[in-house]
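Here is what each chain is made of, one letter per residue.
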Amino acid sequence: MRPLIAHIDLSAIQHNYALAKRCAPGREAFAVVKANAYGHGVREVVTALHDDADGFAVACLEEAAEVRALHGTARILLLEGCFEPSECLVASQLRLDIAVQGPEQLATLLASSLPRPLNVWLKLDSGMHRLGFSAAALRAVFPSLRGAAQVAELNLMSHFACADERGHTLTEDQLECFLGLLDLDFDQRSLANSAAVLGIPAAHMDWIRPGIMLYGASPFADLGAAEMALRPAMSLHAQVMAIREVAVGESVGYGATWVAGRPSRIGTVSCGYADGYPRHAPSGTPVLVDGRRAPLAGRVSMDMLAVDLTDLPDVAVGAPVELWGAQLPVDEVAANAGTIGYELLTKVTARVPRKYSA
Ligand SMILES: Cc1ncc(COP(=O)(O)O)c(C=O)c1O
C-alpha cells in the first residue's frame, strides 16, 4: 500500500469546537463543515460533533442534504442561499436555515410556495462586496420579509473581509455597519468567523460561525494555532521511499531547478501535487522526516517530492515523513507556499486515504 495517509484526530475537532464555544460564552455556534469539512470528511466530522454542535454551516444544498442525512435535528445554514427556485422547496423539506444574499434570491423566496416556512438569514454586505444587500437596501426589503408566509425566523448575517489581519480598519467599519442595523427587529444575528470568534468579542452576536479553527489551523497570519491552544486535526503522513547520493553540480527533479552545492543525500517522499501538496511550494519549505526538519529540494512532482537529507545522515528508506500536522503546522507550510492553511487542507485529494482516531 502506498505510504500516504491523512490522519484525522476527531478529538482535536471536538476540543477546538469547545474552545470556540468558550470564546463566546452563551452564544450558539454553526460549525462550518463546507467543502467536505475543510477536507477532513464531512461524515466523520458531523458525527464527531453530533451531540455538541448547535448547528452546521455549508455552502450549497448538496452539502446540506449530506449533513441532514447525518443529523436529523441540527440547524443547518446554507451560507450562499438557493441557486435556483427549486432549491427553496428542497431547503424547506430539509428544514434548513437559508441565507438570502441578494434581490434575485429574495424574489425567488417570496414567489415560492413552501411546505413550511424557513429560517432566513438576510445577508448584509457590510464591506466585503461579495454577497449581500447594502445597509440601505436591507432596510428597504426588511418589511417584505417580516411576516411573509415563507419566513419563520428573520435573522441578520454578514461576513468579515479582513478579520484575520488584526486591527484592520475595514473590520471596525463592517462591525459598525452591522450594529447600525440592529434597531430592526431581527430574531438572531451572526457575524463572527474564526478570526472574530478568537479576536473580536463585540462581533460574537447570537451565533458564531467558526470554520478553520475547528480544524486546528490559525486564521491569523501572525499568530500560530498552538498559541491559541488549538489542536491540529489533520496530519499528512508519508514515507521516504528512496534515497540518492547527488554530487556537487547535479540537479534534482523536474526542470533541474535544484542543484547540489555540496555532496547531498536526497530522499524521495511518497506525496505529490496530485495528493494536494502544493506544487508551487519552493525549495526550502520544511518537511518533517523522522521528527526532524528537512528542506524540500526542487519541484514537487505529481506523486512524489524530494527532500534534502544531507544533514540527517541516519535517515533510511521507510523513515516516517509528516508533510504537515501535529508537529509541523499546516500554516507554516502554507506560508512557505504563498497560500493559507485553508487551501492546503481543502485540497487534499480523494486518493489520499483518511484514517480517523477518536
Ligand atoms: C459566510 C462564512 N461564514 C463563516 C466562514 C468560516 O470562516 P473561517 O473558516 O475563517 O472561520 C466562512 C468561510 O469561508 C464563510 O464563508
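Criteria and cut-off values
Residues numbered from 1 in each chain as written. Predicted model: local features only at pLDDT ≥ 70, side-chain atom pairs only at ≥ 80, totals over all residues. Heavy atoms only, no water. UniProt positions renumbered as here; feature names shortened; annotations may be inferred. Helix = DSSP H or I, 4+ residues; strand = E, 2+ residues; numbered from the N terminus. Buried < 20%, exposed > 50% of the residue type's maximum accessible area, 1.4 Å probe, protein only. Contact = heavy atoms within 4.5 Å. Lys, Arg positive; Asp, Glu negative; His and termini not counted. Salt bridge = Lys/Arg side-chain N within 4 Å of Asp/Glu carboxyl O. Near = heavy atom within 4 Å. Nonpolar A, V, L, I, M, F, W, Y, C, P; charged D, E, K, R; others polar. Pairing = 2+ DSSP bridges. Right-handed = clockwise from strand over helix to strand, strands pointing away. Arc of directions from axis to C-beta.

Named according to an unreviewed UniProt entry, the chain is Alanine racemase originating from Pseudomonas delhiensis. Turning to the chain, the UniProt record has this under Cofactor (unreviewed entry): "pyridoxal 5'-phosphate". As recorded by UniProt, the Pathway (unreviewed entry) comment attached to the chain reads in full: "Amino-acid biosynthesis; D-alanine biosynthesis; D-alanine from L-alanine: step 1/1."

## Focus on the UniProt feature "active site" (unreviewed entry) in the chain
According to UniProt, the "active site" (unreviewed entry) feature falls on Lys34 and Tyr254. On the basis of their most widely separated C-alpha atoms, the annotated residues across 221 residues do not gather in one place, lying as much as 34.9 Å apart. Note on placement: Lys34 falls in helix α2 (residues 34-38). Relative accessible area serves as the criterion here: at 30%, Lys34 is assigned to the partly exposed category. Other than its neighbours up to four places away in sequence, Lys34 contacts Ala57, Val58, Ala59, Glu63 and Leu79. Tracing the chain through its elements places Tyr254 in the loop between β11 (251-252) and β12 (258-259).

## What about the side chain of Glu87?
As for its placement among the helices and strands, Glu87 is situated in helix α5 (residues 85-93). The buried charged residue Glu87 lacks any salt bridge, with Arg68 as its nearest oppositely charged partner at 15 Å. Those residues in contact with Glu87, other than ones at most four positions away along the chain, are Leu61, Gly81 and Cys82.

## So, the site of the ligand
Lining the immediate surroundings of the ligand are 14 residues, of which Lys34, Tyr38, Ser194, Ile212 and Tyr342 lie closest. Partitioned by chemical class, the residues of the shell around the ligand number six nonpolar, four polar and four charged.

## Quick notes on helix α4 (residues 61-70)
Listed as buried for α4 are Leu61, Glu63, Ala64, Val67, Arg68 and Leu70. Residues of α4 that are buried in the fold lie against α2, α3 (42-48), β3 (55-58), β4 (75-78) and α5.

## Structural notes on the pairing of β4
What you see with β4 is no split at all: Arg75 and Leu77 on one side and Ile76 and Leu78 on the other are buried throughout. Inspection of the sheet shows β3 paired to β4 by four bridges, in the parallel sense. Each residue of the ladder has a partner; that of Ala57, found in β4, is Leu77. Crossover handedness for the path β3 to α4 to β4: right-handed. Taken together, the two bridges between β4 and strand β5 (residues 97-100) define a ladder with parallel strand orientation.

## Quick word on helix α7 (residues 135-145)
Among the residues of α7, Leu138, Val141, Phe142 and Leu145 are the ones counted as buried. The buried residues of α7 all sit within an arc of 135 degrees when viewed along its axis, so they share a single face. Across from the buried face of α7, at angles greater than 90 degrees, the exposed residues are Ala136, Ala140 and Pro143. Against the buried residues of α7 lie α6 (103-110), β6 (118-123) and β7 (151-157).

## Points about the pairing of strand β15 (residues 292-295)
Summarising the sheet, strand β14 (residues 286-289) and β15 pair through four bridges and their orientation is antiparallel. Counterpart to Val287 in the pairing with β15 is Ala294. Where β14 folds back onto β15 in an antiparallel hairpin, the turn is made up of two residues, including Asp290, whose phi is positive at roughly 55 degrees.

## Some details on unusual backbone geometry
Even without glycine at this site, Ala35 takes up a positive phi of about 50 degrees. Summarising the element assignment, Ala35 is placed in helix α2. We classify Ala35 as partly exposed; its relative accessible area is 35%. At Tyr38, a position not held by glycine, the phi torsion is positive, near 50 degrees. Here Tyr38 lies in helix α2. Residue classification places Tyr38 among the buried positions, given a relative accessible area of 8%.

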